[in-house]
Amino acid sequence: MKAKVLVIGANGQLGTVLVKELQHHHGLDNVVATDIKKAHNFKETFEVLDATNRIGLTEVVTKYGITQIYHLAAILSAKGEENPLGTWDLNMRMLFNVLEVARIHELDKVFFPSSIAVFGEDAPWVNTPNNAFLNPATVYGMSKAAGEQWAQYYFIRYGLDVRSLRYPGVIGYQSLPGGGTTDYAVDIFHKAVLEEEFVCFLNEDTTLPMIFMDDAIRATMELMEAPKENIKIRTAYNLAGSSFSPEDIVAEIRNYYPEFKVKYEPDFRQDIAARWPKSINDVEASLDWGWKPEYDLERIVRTMVQKLKEQYIPHE
Ligand code: AKB
């Protein structure tokens, strides 16, 4: 039977790119993109959907005969701190709706993104293992850590095939992130290509785990297409790309823009980043479903500069 895929949060940083990859894989007619607003000129089927509304979600699932849900919508780490209780309520309510609708309608698979934000001060900072202690310091991280447990609960209790990845900061040219602590690592490229000064909200030496968009999308597809028996971790898999700091990116960007100016003005996001791991051990992902990243910092910077130049200065 052909998969019918529903994407929640299709307008977001990952959703924008993942929808296209899912269409390519499953066929244009088999992907239903949804978000709270219709923001893009989608070629595919699009429905306005607020995932906090379980009735609305149920209607879309039954209308299209959905068999898989990719639930990408969430309030991220930095934005979430503006309204802690509201963030918890929204992130958890959407997840419970997705899990319940998937259980009741006996869907084949659910994808729930987790994050390196599940880790806190008590996890090893370097090469953080999959089973490290979780004591997140943000509400977003708390909602992801709890979400991972609920994903596992639905798998054990109801046999629902929920799969999850702990994404590092995602860097891509196709879309913009919103409300995260790792957002600087996308914004910096836009400023460099526009030859403007960049004001960085993290300290220059704050190393964080990052991943290039193409790697993040490929990891998601590989996890979701892996045979069920290979998925041994039912909370979430650690996922690594490459780790670097703002000053590492700046040094690499200056190979293309030697005059690139950067000012460091750390704000509350520095405190969030300071509690996250510097690098991630993803050995389980590589053993269970063959994960291997392809982009290091040099390749990320080369690709970002080239693609953004094409976007901003198309005829150069
Ligand atoms: C954020 O910065 O909040 C996200 C994440 C690491 O999950 N990009």
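Small disclaimer: the values here were computed from a predicted structure and weren't measured.

**Notes on the packing of helix H8 (residues 246-253) against helix H11 (residues 297-312)**
Link 1 in the chain: Their axes nearest at 10 Å, the elements H8 and H11 cross at an angle of 55 degrees. If you check the angle between H8 and H11, you find them oblique. With respect to the hand of their crossing, H8 and H11 are arranged in right-handed fashion. Counted together, Asp 248, Ile 249, Glu 252 and Ile 253 of H8 and Leu 297, Glu 298 and Val 301 of H11 form the full contact between these two elements.
Link 2 in the chain: Along the lines of polarity and charge, the residues of the contact of H8 with H11 split into 4 nonpolar, no polar and 3 charged.

**Notes on the sheet that holds strand E11 (residues 208-212)**
Link 1 in the chain: Strand order across the open sheet formed by 3 strands is E9-E11-E13, with mixed pairing between neighbours. With partners counted over all chains shown, the strands left at the sheet margins are strand E9 (169-171) and strand E13 (242-244), one partner each. On average, adjacent strands in this sheet sit at an angle of 45 degrees to one another, irrespective of strand direction.
Link 2 in the chain: As paired strands, E9 and E11 are joined by 3 bridges and run parallel to one another. Each residue of the ladder has a partner; that of Gly 169, found in E11, is Met 210.

**Considerations on the layout of surface pockets**
Link 1 in the chain: Of the volumes computed, that of the largest pocket is approximately 1,100 Å³.
Link 2 in the chain: Together, 44 residues line the largest pocket, and Gly 12, Leu 72, Ala 74, Leu 76 and Gly 178 are the ones closest to its centre.
Link 3 in the chain: Among the secondary structure elements, those contributing two or more residues to the lining of the largest pocket are helix H1 (13-26), helix H3 (77-80), helix H4 (84-104), strand E6 (114-115), helix H5 (139-158) and E9.
Link 4 in the chain: Top element by residues in the lining of the largest pocket is H1. It accounts for 3 residues.
Link 5 in the chain: Considered class by class, the residues forming the lining of the largest pocket number 23 nonpolar, 15 polar and 6 charged.
Link 6 in the chain: Viewed by domain, the lining of the largest pocket spans two of them, domain 1 (5-168 + 212-238) and domain 2 (171-209 + 241-280 + 290-312), each represented by three or more residues.

**Side note on the environment of Ile 233**
Link 1 in the chain: With respect to the secondary-structure elements, Ile 233 resides in the loop between helix H7 (213-225) and strand E12 (237-238).
Link 2 in the chain: Looking at Ile 233, the relative accessible area reads 17%, which means it is buried.
Link 3 in the chain: Along the primary structure Ile 233 and Ile 253 are separated by 20 residues, whereas in three dimensions their C-alpha atoms are 37 Å apart.
Link 4 in the chain: Each residue touching Ile 233, except ones within four places of it in the same chain, is listed here: Asn 130, Glu 284 and Asp 288.

**A short note on the pairing of strand E2 (residues 31-35)**
Link 1 in the chain: Most of E2 sits out of view: 5 of its 5 residues are buried.
Link 2 in the chain: The alternating pattern of E2 places Val 31, Ala 33 and Asp 35 and Val 32 and Thr 34 on opposite faces, both of which are buried.
Link 3 in the chain: Sheet analysis places strand E1 (residues 5-8) next to E2, joined by 4 bridges and oriented parallel. In the sheet register, Ile 8 faces E2, and the bridge partner there is Thr 34.
Link 4 in the chain: A crossover links E1 with its parallel partner E2, the connecting element being H1, and its sense is right-handed.

**Some details on the sheet that holds strand E4 (residues 68-71)**
Link 1 in the chain: Read from one edge to the other, the open sheet built from 6 strands follows the order E3-E2-E1-E4-E5-E7, with strand pairing classed as parallel. At either margin of the open sheet sits one strand with a lone partner, and together these are strand E3 (45-48) and strand E7 (162-163).
Link 2 in the chain: Here H1 sits on the sheet and contacts E1, E2 and E4; the angle it forms with E2, its principal contact strand, is near 165 degrees.

**Topic: the domain arrangement of the protein**
Link 1 in the chain: Here the domain parsing of the protein yields domain 1 (5-168 + 212-238) and domain 2 (171-209 + 241-280 + 290-312).
Link 2 in the chain: Here the C-alpha centroids of domain 1 and domain 2 sit 24 Å apart.
Link 3 in the chain: With 29 residues of domain 1 in contact, the opposing surface of domain 2 contributes 32 residues.
Link 4 in the chain: Of the roughly 2,700 Å² buried where domain 1 meets domain 2, counting both sides, 63% is carbon and sulfur surface.
Link 5 in the chain: When the buried surface of domain 1 facing domain 2 is broken down by residue, Gln 13, Trp 125 and Phe 212 rank first, second and third, together holding 26% of it.
Link 6 in the chain: The tally of links between domain 1 and domain 2 comes to 2 salt bridges.
Link 7 in the chain: For Arg 218, the salt bridge identified is with Glu 294, shortest N-O distance 3.8 Å.
Link 8 in the chain: The interface formed by domain 1 and domain 2 includes 12 residue pairs in polar contact (both at pLDDT 80 or more).
Link 9 in the chain: Listing elements by their share of the side of domain 1 that touches domain 2, those giving two or more residues are H1, H3 and H7.
Link 10 in the chain: The biggest single contributor to the side of domain 1 that touches domain 2 is H7, with 6 residues.
Link 11 in the chain: Residues of the side of domain 1 that touches domain 2, tallied by class, amount to 13 nonpolar, 9 polar and 7 charged.

Procedures and definitions
- Residues numbered from 1 in each chain as written.
- Predicted model: local features only at pLDDT ≥ 70, side-chain atom pairs only at ≥ 80, totals over all residues.
- Heavy atoms only, no water.
- Axes fitted to C-alpha atoms, helices over the stretch in contact; angles between N-to-C directions.
- Helix = DSSP H or I, 4+ residues; strand = E, 2+ residues; numbered from the N terminus.
- Parallel < 35°, antiparallel > 145°, perpendicular 65-115°, else oblique.
- Left-handed = near helix turned anticlockwise from the far one by under 90°.
- Contact = heavy atoms within 4.5 Å.
- Nonpolar A, V, L, I, M, F, W, Y, C, P; charged D, E, K, R; others polar.
- Pairing = 2+ DSSP bridges.
- 1 Å grid on protein atoms, 1.4 Å probe; cavity = no way out; pocket = protein on both sides within 12 Å on 5 of 7 lines; lining within 4 Å.
- Points joined across faces, edges and corners; volume = space filled by probe spheres on them.
- Domains from an automatic or database assignment.
- Buried < 20%, exposed > 50% of the residue type's maximum accessible area, 1.4 Å probe, protein only.
- Right-handed = clockwise from strand over helix to strand, strands pointing away.
- Buried area = accessible area lost by both parts, 1.4 Å probe.
- Salt bridge = Lys/Arg side-chain N within 4 Å of Asp/Glu carboxyl O.
- Polar contact = N/O pair within 3.5 Å; in protein donor to acceptor, adjacent residues only side chain to side chain.

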